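# Structural features, examined
For reference, the chains in residue letters:
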Amino acid sequence: MNLMNRVFQPYMDSFVMVFIDDILIYSKSKKEHEEYLRIVLQLLREKQLYTKLKKCGFWLEQVKFLGHVITKEGILVDPISIEAIKNWPRPTNATEV
């Protein structure tokens, strides 16, 4: 993660987020996104870092990232996470609490 943070440091929180080996590129327009994608791919090439194409998603309108769903409307908690919490069994004694 340290390597990824160093590689993308100039662009972090501008249009790139990195968590371990996951890279999220975000933008306001398709043209802007194309430019950012080129920058990220060029950086990966320069640092001799590789991705698995089957794990990549390009031009997505919605993406799940770190327990959240990110769309152009905003960031929401992933509904699957909410359901998991809602379905926890109710504690019946002090030890379970």
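Before reading on, note that the structure itself is shown above.
To start, this report covers the structure provided alongside it. Not measured: the values here are computed from a predicted model. (Residues numbered from 1 in each chain as written. Predicted model: local features only at pLDDT ≥ 70, side-chain atom pairs only at ≥ 80, totals over all residues. Heavy atoms only, no water.)

When helices and strands are tallied, the chain shows three helices and five strands. Against the compact-globule benchmark of 13 Å for 97 residues, the chain has a radius of gyration of 18 Å, which places it well outside the compact range. Its C-alpha atoms put the chain at 55 × 30 × 25 Å along the principal axes. Of all 97 residues assigned to the chain, the portion counted as buried reaches 19%. For the chain, restricting intrachain contacts to residue pairs at least 6 apart in sequence, the fraction spanning at least 24 positions comes to 28%. Surface summary for the chain: the accessible area is close to 8300 Å², and the carbon and sulfur share equals 56%. Each charge class in the chain was averaged separately, 14 positive and 12 negative side chains, and the resulting centres sit 4 Å apart. (Helix = DSSP H or I, 4+ residues; strand = E, 2+ residues; numbered from the N terminus. Rg over C-alpha atoms; globule rule 2.2 N^0.38 Å. Buried < 20%, exposed > 50% of the residue type's maximum accessible area, 1.4 Å probe, protein only. Contact = heavy atoms within 4.5 Å. Areas by Shrake-Rupley, 256 points an atom, 1.4 Å probe, with all protein chains shown as cover. Lys, Arg positive; Asp, Glu negative; His and termini not counted. Charge placed at Lys NZ, Arg CZ, Asp CG, Glu CD.)

Position of Asp-78 relative to the elements: it lies in the loop between strand S5 (74-77) and helix H3 (79-86). Here Asp-78 is in contact with Lys-64, Gly-67, His-68 and Val-69, once residues within four sequence places are set aside.

Time to look at the nonpolar core. In terms of nonpolar packing, the biggest core is built from twelve residues, these being Met-4, Val-7, Phe-8, Phe-15, Val-16, Val-18, Ile-25, Tyr-36, Leu-37, Val-40, Leu-43 and Leu-44. Mapped by element, the contributors of at least two residues to this core are helix H1 (2-8), strand S1 (16-19) and helix H2 (30-46). Beyond its immediate stretch of four places on either side in the chain, Leu-44 contacts Phe-8, Ile-23, Leu-49 and Thr-51. (Core = buried A, V, L, I, M, F, W, Y, C linked by side-chain atoms within 4.5 Å.)

Another aspect to go through is the side chain of Thr-71. Topologically, Thr-71 is positioned in strand S4 (residues 68-71). A relative accessible area of 19% places Thr-71 in the buried class. Within polar-contact distance, the side chain of Thr-71 engages the backbone nitrogen of Glu-73 at 3.2 Å. With residues up to four places along the chain from it excluded, the contact list for Thr-71 reads Glu-61 and Gln-62. (Polar contact = N/O pair within 3.5 Å; in protein donor to acceptor, adjacent residues only side chain to side chain.)

Once that is clear, we can look at the pattern of salt bridges. Any two side chains of opposite charge can pair, so long as their charged atoms come close to each other. Per the stated rule, a full pass over the model turns up three salt bridges. Taking the shortest distance from any N to any O, the salt bridge between Lys-64 and Asp-78 comes out at 3.8 Å. In this pair, Lys-64 sits in strand S3 (residues 62-65) while Asp-78 sits in the loop between S5 and H3, placing the two residues 14 residues apart along the sequence. Between Glu-83 and Lys-86 there is a salt bridge whose closest N-O contact spans 3.5 Å. With a gap of three residues between them, Glu-83 and Lys-86 both fall in helix H3, about one helical turn apart. (Salt bridge = Lys/Arg side-chain N within 4 Å of Asp/Glu carboxyl O.)

Take it as geometry only, folks, not as evidence of what the structure does.
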